[in-house]
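Descriptive structure summary
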Amino acid sequence: MELYPSLITDALRTVRYPGTGKNIVDMGIVADDLRIAGLHVSFTMVFDRPTDPFLRSLVKAAEAAIHAHVSHDITVEIATRTATAGSPEAPAAPDYSHLGRIIAVSSGKGGVGKSTVAVNLAVSLAAQGFRVGLLDCDIYGPSVPKMLGIEDARPYSEERDGKTLIVPVEACGLKVISIGFFVDTATPTLWRGGMATGALKQLIGEVAWGELDYFVLDTPPGTSDIHLTLVQTLPIAGALIVTTPQQVALADARKGMHMYTNEKINIPILGIVENMAWFTPAEHPAERYYIFGRDAATTLALEEHTPLLAQIPLVAGMSEEADAGRPAVNGTSEPTAQAFASLAATIAAMLPTP
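Residues numbered from 1 in each chain as written. Predicted model: local features only at pLDDT ≥ 70, side-chain atom pairs only at ≥ 80, totals over all residues. Heavy atoms only, no water.

1. Structural notes on the packing of aromatic side chains
Taken as a whole and judged by the stated rule, the model has four aromatic pairs. Each ring, one from Trp 209 and one from Phe 215, has its centre 4.8 Å from the other, and the planes form 70°; the classification is edge-to-face. Here Phe 215 falls in the buried class, since its relative accessible area comes to 0%. The interplanar angle of 65° and the centroid separation of 5.9 Å between the aromatic rings of Trp 278 and Tyr 290 together place this pair among those described as edge-to-face. Of this pair, Trp 278 sits in strand S12 (residues 269-280) while Tyr 290 sits in the loop between S12 and helix H8 (296-303), and the two are 12 residues apart along the sequence. Under the relative-accessibility criterion, Tyr 290 is labelled partly exposed at 28%. Here the basic side chain of Arg 288 rests over the ring of Trp 278, its NZ or CZ set 3.8 Å away from the ring centre. (Phe/Tyr/Trp six-rings, centres within 6.5 Å; stacked < 30°, edge-to-face > 60°. Buried < 20%, exposed > 50% of the residue type's maximum accessible area, 1.4 Å probe, protein only. Helix = DSSP H or I, 4+ residues; strand = E, 2+ residues; numbered from the N terminus. Lys NZ or Arg CZ within 6 Å of the ring centre and 35° of its normal.)

Have a look at this one:
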């Protein structure tokens with residue numbers, strides 16, 4: 001088989017940069033240094049910064065595209081560097097491929113049930129047979145340990161492959177890490193931004209997560225240094241936006257969406273989850289009372305060209321069960337459990353595991 005440069009570049013044009021939809025050849029990510037020696041192909045991919053969240057996934061996608069569209073017999077060698085003129089090859093970015101598909105659960109404001117959605121999505125994915133990790137990214141107000149009933153857990157460290165790593169806590173089929181395991185949650189965490197982001201990086205990179213299918217991030221409300229650290233550190237597959245029907249929550253949800261779709265970040269929005277969409281009495285699951293408004297999230301989804309993935313009902317007793325460490329999917333509310341199970345199945349279909 002004889003290879004030509006056009007065969008390789010045509011294959012690479014099928015790889016698109018997440019968020020922009022443009023292919024990596026036309027964007028200039030593929031450098032003009034393509035070399036072909038028999039069935040060996042080598043070239044460089046150029047990124048704006050070595051911490052580009054899609055660097056690793058795009059390198060893998062480029063190799064896969066050549067194998068799929070040209071030949072599986074080709075050996076592919078891809079170097080990476082930054083776009084700075086004359087810069088040497090960028091140091092290899094940390095490999096987070098073992099974390100699987102990374103999902104950021106986000107909200108524009110607090111109090112909309114973002115952590116509830118993150119926890120129950122993660123538990124539902126695990127219940128469907130996936131290997132799932134859950135990272136509580138809220139350094140200043142961690143709530144995941146309480147919601148999973150593991151507030152008293154104290155992770156320990158052990159040597160693995162010459163590194164000292166934190167062993168995550170296991171609960172409800174998940175591997176879980178939160179700053180809440182390491183600080184006194186009754187005392188305010190008075191850290192400057194650099195300290196908080198440094199702690200977050202440790203919780204990502206110095207934990208023995210193992211091989212996962214999905215890695216769910218329970219992000220803090222709003223927009224902050226934490227969010228920037230996450231998008232610059234991890235190859236996030238997509239963001240899930242949580243809101244309630246009130247107009248003030250929807251306005252903040254829109255801001256949160258625009259943060260991820262900013263051209264410098266380019267994280268795809270998977271869709272919107274409307275929490276507390278209506279009130280349903282536990283004894284009358286067919287009844288719905290729209291106490292916070294109706295159809296507002298549907299309108300937002302249409303305006304932002306984003307799917308409304310789930311509407312989670314508010315059921316009496318949910319709060320008490322969460323405070324007792326029982327996620328809604330394991331509680332007594334069948335409508336809520338069904339809603340989260342459906343959401344997890346939808347996410348798994350949107351982001352299938354390799």
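2. Digging into the nonpolar core
Core analysis: the biggest nonpolar cluster contains 65 residues, and Phe 43, Met 45, Leu 135, Leu 217 and Leu 234 have the highest contact counts within it. With residues near it in sequence (within four places) discarded, Leu 135 still touches Ile 177, Leu 200, Leu 203, Ile 204, Trp 209, Phe 215, Val 216, Leu 217 and Asp 218. Core analysis: the next-biggest nonpolar cluster, separate from the first, contains 42 residues, Ala 118, Ala 249, Val 273 and Ile 347 among them. (Core = buried A, V, L, I, M, F, W, Y, C linked by side-chain atoms within 4.5 Å. Contact = heavy atoms within 4.5 Å.)

3. A closer look at a nonpolar patch on the surface
A cluster of nonpolar side chains, namely Tyr 289, Ile 291 and Phe 292, defines an oily patch on the protein surface of about 280 Å² accessible area. Examined against the element boundaries, Phe 292 turns out to sit in the loop between S12 and H8. (Patch = residues over 30% accessible without salt bridge, like charges linked within 9 Å, V, L, I, M, F, W, Y side chains within 5 Å. Areas by Shrake-Rupley, 256 points an atom, 1.4 Å probe, with all protein chains shown as cover. Salt bridge = Lys/Arg side-chain N within 4 Å of Asp/Glu carboxyl O.)

4. A look at the environment of Phe 215
The residue Phe 215 is located in strand S10 (residues 214-218) in this model. Distance in space between the C-alpha atoms of Phe 215 and Val 59 is 20 Å, their sequence separation being 156 residues. Residues contacting Phe 215, with those up to four places away along its chain left out, are Leu 99, Arg 101, Ile 102, Ile 103, Gly 133, Leu 134, Leu 135, Trp 209 and Leu 234.

5. Some details on the packing of helix H1 (residues 5-12) against helix H2 (residues 55-69)
The N-to-C vectors of H1 and H2 enclose an angle of 120°; their axes lie 8 Å apart at closest approach. Regarding the angle of H1 to H2, the classification is oblique. Every pair of crossing elements has a handedness; the one defined by H1 and H2 is right-handed. Across from Ile 8, Ala 11 and Leu 12 in H1, the residues of H2 making contact are Ala 62, Ala 65, Ile 66 and His 69. Here the residues of the contact of H1 with H2 are counted per class, giving six nonpolar, one polar and no charged. (Axes fitted to C-alpha atoms, helices over the stretch in contact; angles between N-to-C directions. Parallel < 35°, antiparallel > 145°, perpendicular 65-115°, else oblique. Left-handed = near helix turned anticlockwise from the far one by under 90°. Nonpolar A, V, L, I, M, F, W, Y, C, P; charged D, E, K, R; others polar.)

6. Quick notes on the pairing of strand S13 (residues 308-315)
Here six bridges tie S12 to S13, and the two strands are oriented parallel to one another. Residue Glu 274 lies in a different strand from S13, and its bridge partner there is Gln 311. Since S12 and S13 lie parallel, the crossover through H8 that links them has a hand, and here it is right-handed. (Pairing = 2+ DSSP bridges. Right-handed = clockwise from strand over helix to strand, strands pointing away.)

7. Structural notes on the pattern of salt bridges
Following the criterion strictly, the structure yields nine salt bridges and no others. Asp 10 is the salt-bridge partner of Arg 13, the closest N and O atoms lying 3.6 Å from each other. In this structure Asp 10 comes out as partly exposed when scored by relative accessible area, which is 45%. Residue Asp 26 pairs with Arg 13 through a salt bridge whose shortest N-O separation is 3.6 Å.

8. Here we look at the confidence of the model for the protein
On average, residues of the protein score 85 in pLDDT, and 91% of them are at 70 or above. The low-confidence segment residues 85-91 (pLDDT under 50) makes 10 contacts with residues lying over four places distant or belonging to another chain. (pLDDT = per-residue confidence, 0-100.)

9. Observations concerning the packing of helix H7 (residues 247-261) against H8
In the contact formed by H7 and H8, the axes pass within 10 Å of each other and the chain directions differ by 25°. Between H7 and H8, the crossing angle belongs to the class labelled roughly parallel. The two elements H7 and H8 meet at a crossing, and its hand is right-handed. Packed against H7, whose contacting residues are Gln 247, Leu 250, Ala 253, Arg 254 and Met 257, the element H8 presents Ala 296, Ala 297, Leu 300 and Glu 303 at the interface. Considered class by class, the residues forming the contact of H7 with H8 number six nonpolar, one polar and two charged.

10. Some details on the sheet that holds S13
Strand order in the open sheet formed by eight strands is S8-S9-S5-S10-S4-S11-S12-S13, with mixed pairing between adjacent strands. Across the chains shown, the open sheet's two edge strands, defined by having one partner strand only, are strand S8 (169-171) and S13. Across the sheet, the axes of successive neighbouring strands diverge by a mean angle of 25°, strand direction being ignored. One ladder, built from four bridges, connects strand S4 (residues 101-106) with strand S11 (residues 238-243); its direction is parallel. Each residue of the ladder has a partner; that of Ser 106, found in S11, is Ile 241. Running at roughly 165° to S10, helix H3 (residues 114-127) makes contact with S4, strand S5 (132-136), strand S9 (174-178), S10, S11 and S12 of the sheet. Contacting S11, S12 and S13, H8 runs over the sheet at an angle of about 165° to S13.

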